[in-house]
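Below, each chain spelled out in residue letters.
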Amino acid sequence: MDNSVRHQAVEREDRLAQARLRTIIVDDEPLARRGLELRLSEHADVEVVGQYGDGAAAIAAVHLQRPDLMFLDVQMPGVDGFEALRHIPAAEMPLVVFVTAYDHYAIRAFEASATDYLLKPVDEGRLAQALARVRYARTQRDASGHCAHLLGLLGELSGREPLGLDEALRPDVIEQLRNDNKLAVRDGGRTVRIDLSSIRWIVAAGDYMCIHTDGETLILRGTMRELEKQLDPQRFPRIHRSTIVNAKRVVELRPHTNGEGFIRLDCGQELKLSRTHREKVALLI
């Protein structure tokens, strides 16, 4: 084998390795774990690297193995699926697909930042759809991609059309908003006035936005640029093409490669500071 062919073979192997989804399955029912493993074996890019029967073992496995994907049962004795996620640091969090026998748990999946959910018994077609979402989310691998999946799934589950930004924000323009320290968001037939200090961060995903506050996450249709006009850039700097952060909620700034960095909020959430917005560091420290 000449050098060029060998080099191509090595590159091909590297691409396959990078595309592989290292996966763990967490479920207290051995038969359920085995059934999901068999279905996943039909997908060439999925490599099951571990199976665990409780949430405590899942926390340890994520820390040690750093999987790309976790199929997580919601109801387990002891530490359940939601409790397990609360103990996994944001920097270690894999993509998550919840597996549950109860449809109403699907809504809570959003609060736990799940990429998707599956109802038991797992349908092969639905599993393929969930894996397609996982693959797409992996190509994004930042808050905007993850949020996009949550927003799309929320629309399917709730049956509600997302609000337009022109409906969601009062047209009282910038100065009144900044002086008032409130952001008025229209939610259905009601208008919710949010304390600006309660906003942790805002993420844009395509035509949607997530406003993360201390009490809830509001989902709106609109663009980051439109919302950015309503906020004081000194208090709410843009740190990424898809992320605005409340500067007062930042507790740690950690440099990364290529001029990028990570910031940690007082709630534990980690966000990426992109190279193009690194001049905003002065506002964050």
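The sections below set out a description of the structure shown in this document. (Residues numbered from 1 in each chain as written. Predicted model: local features only at pLDDT ≥ 70, side-chain atom pairs only at ≥ 80, totals over all residues. Heavy atoms only, no water.)

**Considering the pattern of salt bridges**
When their charged atoms lie close together, side chains carrying opposite charge are able to pair. Scanning all chains against the criterion turns up 14 salt bridges. A salt bridge links Arg135 to Asp45; its shortest N-O distance comes to 2.6 Å. In this pair, Arg135 is assigned in helix 6 (residues 124-140) and Asp45 in the loop between helix 2 (30-40) and strand 2 (46-52), connecting sequence segments 90 residues apart. A salt bridge links Asp214 to Arg200, with the nearest nitrogen and oxygen atoms 3.1 Å apart. Note that Asp214 is positioned in the loop between strand 9 (208-213) and strand 10 (217-221) and Arg200 in strand 8 (residues 199-205), a separation of 14 residues in sequence. Here Asp214 falls in the partly exposed class, since its relative accessible area comes to 41%. (Salt bridge = Lys/Arg side-chain N within 4 Å of Asp/Glu carboxyl O. Helix = DSSP H or I, 4+ residues; strand = E, 2+ residues; numbered from the N terminus. Buried < 20%, exposed > 50% of the residue type's maximum accessible area, 1.4 Å probe, protein only.)

**Some remarks on the sheet that holds strand 3 (residues 69-73)**
Ordered in space as 2-1-3-4-5, the five strands form an open sheet in which the pairing is parallel. Where the open sheet ends on each side, the last strands, each with one partner, are strand 2 and strand 5 (116-119). For this sheet, the mean inter-axis angle between neighbouring strands, taken without regard to orientation, is 20 degrees. Sheet analysis places strand 4 (residues 95-100) next to strand 5, joined by four bridges and oriented parallel. By the bridge assignment for strand 5, Val99 is matched with Leu118. With respect to the sheet, helix 2 is in contact with strand 1 (21-26), strand 2, strand 3 and strand 4, its orientation differing from that of strand 2 by roughly 170 degrees. Each of strand 1, strand 2 and strand 3 is contacted by helix 3 (residues 55-65), which is oriented at about 140 degrees to strand 2, the strand it contacts most. (Pairing = 2+ DSSP bridges. Axes fitted to C-alpha atoms, helices over the stretch in contact; angles between N-to-C directions. Contact = heavy atoms within 4.5 Å.)

**Considering the environment of Pro233**
Inspection of the secondary structure assignment puts Pro233 in the loop between helix 10 (224-228) and strand 11 (238-240). Exposure remark for Pro233: the relative accessible area of 43% places this residue in the partly exposed category. For the pair Pro233 and Asn246, spaced 13 residues apart in sequence, the C-alpha to C-alpha distance is 9.5 Å.

**Focus on the packing of aromatic side chains**
Evaluated as defined, the whole model comprises one aromatic pair. Both rings, one in Phe82 and one in Phe98, keep their centres 4.9 Å apart while their planes meet at 50 degrees; by these two values the pair is tilted. In this pair, Phe82 sits in helix 4 (residues 81-86) while Phe98 sits in strand 4, placing the two residues 16 residues apart along the sequence. Judged by relative accessible area, Phe82 falls into the buried class, the value being 4%. (Phe/Tyr/Trp six-rings, centres within 6.5 Å; stacked < 30°, edge-to-face > 60°.)

**What about helix 3?**
Those residues of helix 3 lying buried are Gly55, Ala58, Ala61 and Val62. Taken end-on, helix 3 shows its buried residues confined to a sector of 110 degrees, consistent with a single buried face. For helix 3, the capping residue at the N-terminal end is Asp54, with a side-chain oxygen 3.0 Å from the backbone nitrogen of Ala56. Just downstream of helix 3, Arg66 is the residue with a positive phi angle, here 50 degrees. (Arc of directions from axis to C-beta. Polar contact = N/O pair within 3.5 Å; in protein donor to acceptor, adjacent residues only side chain to side chain.)

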